[in-house]
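For reference, the chains in residue letters:
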Amino acid sequence: MNKCDQCIVRQLTSLQALNKEEVIKLANSKTTYKIKKGEAIFEEGDVTNGVFCVKDGVGKLSKLSANGKDQIVKLVKSGELLGQRSMISNEPANLTAKAVADMEVCFIPKSEIIGFFNTNNQFSMKLMQTVCEDLKESENDKIALVQKTVKQRLAETLLYLHDFFGENEDKTLKVQLTREELAGMIGTATESCIRLLSDFNKLGLIELTGKKILLKDLKALKKIAD
């Protein structure tokens, strides 16, 4: 069964609703890929024809804005599914998925997923819930972009990186984003992001060591974020 039954993706997503027989079908249909840092899993406009399970690593979902900047919409880690919305809506991918750190992903063809969709009510319900959660998250991000200052958004993003991905042994943030990627997440120019990080550093909220970021005062950052 190639350990599909014990996989973290199955434990954390709609795939947990599959029965033993369906998991065997899933294992026989999937293809596993290793994606190097900086490489794309799929590009905006691609017809994905299935879903990608993130087994390991960290990825970013981004959209190219009119001025040619990469706007990061979401970060993903092991245990998540990619591409389910465009698969259900029968549309090409509206985002690009790239590896931020080396990744291992499994691809499950659309024919298999639709088969489960038609025969397993619990699976289809869970998949729809996931799509709805993604939509809610996207709406919240849009509201934050309008209602919060860049300073608030940076503090919020640093806390999100800390809480969602954890830290290294030296207490620095586990996910190392470039300054450009960080700026793309908070929706500002790279120069503004660098300036704000420098301000946070001077205030003793964070500590910058090369590309690494250490959060020194979580309480103060939470205060700024709110």
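Keep in mind it's a predicted model, so treat the numbers as computed, not measured. (Residues numbered from 1 in each chain as written. Predicted model: local features only at pLDDT ≥ 70, side-chain atom pairs only at ≥ 80, totals over all residues. Heavy atoms only, no water.)

A. Representation of the layout of surface pockets within the structure. Here the largest pocket defines a volume of roughly 1100 Å³. Lining the largest pocket are 35 residues, and of these Val73, Lys74, Glu137, Ser138 and Asp141 sit closest to its centre. The element best represented in the lining of the largest pocket is helix α5 (residues 121-147), accounting for ten residues. Its residues assigned to classes, the lining of the largest pocket comprises 17 nonpolar, eight polar and ten charged. When we break the lining of the largest pocket down by domain, the ones giving at least three residues each are domain 1 (8-125) and domain 2 (145-225). (1 Å grid on protein atoms, 1.4 Å probe; cavity = no way out; pocket = protein on both sides within 12 Å on 5 of 7 lines; lining within 4 Å. Points joined across faces, edges and corners; volume = space filled by probe spheres on them. Helix = DSSP H or I, 4+ residues; strand = E, 2+ residues; numbered from the N terminus. Nonpolar A, V, L, I, M, F, W, Y, C, P; charged D, E, K, R; others polar. Domains from an automatic or database assignment.)

B. Local environment of empty space enclosed by the protein. The full count for this structure, using the stated rule, is one cavity of 30 Å³ or more. Computed from the structure, the largest cavity encloses a volume of approximately 60 Å³. For the largest cavity, the full set of lining residues is Leu158, Leu161, Leu173, Val175, Gln176, Leu177, Arg179, Leu182, Lys211, Lys212 and Ile213. Looking at the lining of the largest cavity residue by residue, the class counts come to seven nonpolar, one polar and three charged.

C. Structural context of the pattern of salt bridges. Applying the stated criterion to the full structure yields 13 salt bridges. For Lys60, the salt bridge is made with Glu181, and the minimal N-O distance between the two is 3.0 Å. Here Lys60 is found in strand β3 (residues 50-64), whereas its partner Glu181 is found in helix α7 (residues 179-186), with 121 residues between them in sequence. Of the residues examined, Lys60 reaches a relative accessible area of 8% and is grouped as buried. Connected through salt bridges with shared partners, the residues Lys34, Lys55 and Glu104 form a single ionic network. (Salt bridge = Lys/Arg side-chain N within 4 Å of Asp/Glu carboxyl O. Buried < 20%, exposed > 50% of the residue type's maximum accessible area, 1.4 Å probe, protein only.)

D. Structural context of the packing of helix α2 (residues 20-29) against helix α4 (residues 110-119). Close contact between α2 and α4 brings their axes to 10 Å; oriented N to C, the two are set at 165°. Overall, the two elements α2 and α4 adopt an arrangement that is roughly antiparallel. Note on packing geometry: the crossing formed by α2 with α4 is right-handed. For the pair formed by α2 and α4, the contact residues are Glu22, Lys25, Leu26 and Ser29 on the first element and Glu112, Phe116 and Thr119 on the second. Taken together, the residues of the contact of α2 with α4 break down into two nonpolar, two polar and three charged. (Axes fitted to C-alpha atoms, helices over the stretch in contact; angles between N-to-C directions. Parallel < 35°, antiparallel > 145°, perpendicular 65-115°, else oblique. Left-handed = near helix turned anticlockwise from the far one by under 90°. Contact = heavy atoms within 4.5 Å.)

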